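Structural overview
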Amino acid sequence: MKKNIVLMISFVLNAQPLSIMAEPIWKKRTSATSFSYGLVGVNDEETKSMIITELKEYTKKNSTHNV
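The model shown is predicted, which means the values in this text are computed figures rather than measured ones. (Residues numbered from 1 in each chain as written. Predicted model: local features only at pLDDT ≥ 70, side-chain atom pairs only at ≥ 80, totals over all residues. Heavy atoms only, no water.)

**Some words on the side chain of Glu54**
You can see Glu54 is positioned in helix 1 (residues 45-62). At 6.7 Å, Lys61 is the nearest oppositely charged side chain to Glu54, a buried residue that forms no salt bridge. (Helix = DSSP H or I, 4+ residues; strand = E, 2+ residues; numbered from the N terminus. Buried < 20%, exposed > 50% of the residue type's maximum accessible area, 1.4 Å probe, protein only. Lys, Arg positive; Asp, Glu negative; His and termini not counted. Salt bridge = Lys/Arg side-chain N within 4 Å of Asp/Glu carboxyl O.)

**Looking at the environment of Asn4**
Structurally, Asn4 is set in the segment before strand 1 (7-13). Overall, the relative accessible area of 69% leaves Asn4 in the exposed class. Sequence separation between Asn4 and Ile20 is 16 residues, and the spatial gap between their C-alpha atoms is 16 Å.

**What about the packing of aromatic side chains?**
Applying the stated rule across the entire model yields 1 aromatic pair. Seen in terms of ring centroids, Phe35 and Tyr37 are 6.3 Å apart; in terms of plane orientation they differ by 40 degrees. Their pairing is tilted. Accessibility expressed as a relative area gives 47% for Tyr37, which makes it partly exposed. The ring of Phe35 carries Lys27 above its face, with NZ or CZ at 4.7 Å from the centroid. (Phe/Tyr/Trp six-rings, centres within 6.5 Å; stacked < 30°, edge-to-face > 60°. Lys NZ or Arg CZ within 6 Å of the ring centre and 35° of its normal.)

Here it is as structure tokens:
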């Protein structure tokens, strides 16, 4: 029987602290002692919207050219 693992990931994006729930979907060995994981979010629409808004703000602040 396969276990379902759900992780809580906390990070800061554009000075905004965020937490998301995510399930690992793949694992890759990156060295003899470490792995990288692919995650899929299991959040509500409000969290998703907040992440998109913060990414847009970050992009505006860090753009190297004006449109």
